[in-house]
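Commentary on secondary and tertiary structure
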Amino acid sequence: RLTSLLGFYLNRKGARPPSDPVVQEKMMKILPDLKELTKLDESYQKLNGLSFDDLNDERQRIFESYTISYMVIPPKTPKTDVFEVYEDINSGGEDLTPQQVRRAVYHGPYIKLLDALVHNCGDFQAILDQKAHTNRAYSKMDFEPCPKDSDSELILRAFAFRRDGDKYKTPLKKFLNRELEGTEDFDDRDDRDKKRIETMLVEMKKEFEKVMKIARQVFNENAFRK
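So, here's what we can say about the structure. (Residues numbered from 1 in each chain as written. Predicted model: local features only at pLDDT ≥ 70, side-chain atom pairs only at ≥ 80, totals over all residues. Heavy atoms only, no water.)

Turning our attention to the packing of aromatic side chains. Overall, the coordinates contain 11 aromatic pairs when judged by the stated rule. Each ring, one from phenylalanine 8 and one from phenylalanine 52, has its centre 6.1 Å from the other, and the planes form 70°; the classification is edge-to-face. Here phenylalanine 8, found in helix α1 (residues 2–9), pairs with phenylalanine 52, found in the loop between α2 (21–30) and α3 (57–65); they are 44 residues apart in sequence, far enough to count as distant. Centre to centre, the rings of phenylalanine 161 and phenylalanine 175 are 4.9 Å apart; their planes meet at 50°, and the pair counts as tilted. (Phe/Tyr/Trp six-rings, centres within 6.5 Å; stacked < 30°, edge-to-face > 60°. Helix = DSSP H or I, 4+ residues; strand = E, 2+ residues; numbered from the N terminus.)

What follows deals with unusual backbone geometry. At the junction of threonine 170 and proline 171, the peptide bond is cis and its omega measures out at 0° in the coordinates. Relative to the elements of secondary structure, proline 171 occurs in the loop between α8 (150–164) and α9 (172–180). The residue aspartate 149 is not glycine, and still its phi comes out positive at about 65°. Mapped onto the secondary structure, aspartate 149 falls in the loop between α7 (122–128) and α8.

Pasting the structure below:
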């Protein structure tokens, strides 16, 4: 959310990027290119589509003078502690699901794999979406991913139990967190470790797509059902 605010503000006229090229490169990676406001609720719906420069002087002044409280989490903080911090502060706005919190804490190639499977694995989509069982013309274009990330969490659960199901202990939340550990902070890893992670994820993708294809052929609408 803070990166969205900063990305929106830096798209104003006359904004100057940081002089340090390293900082510039990092900002390019994490800041969204948010030129205008979108998806605001009913109270501020009339501001949708406006850039910072489109806001009147009073709104610009309020934006620039508003105080935002934040916490700095040291880079070496264990991800389990970071996850708990996110959950503790996840009460000031719209409640996030555990999987949405994982997206922030464990962001990396594993999370990207989950997203890719949700958006591109047609057999998974067809099994999950009840409309596919009655619509013969159903395609990936008809599938609507869950905004709360329950579909990506479902895939994560499958991978986690496939790997360490015999070691499962409650709570489920921490069990799924452990599955993601070791793949985050990808850019900071050495080439050998990156290659190991990439190879592992490629094999996981192939296996999941194969299983979904067979599950759809054998069980059709009864797949994922008790």
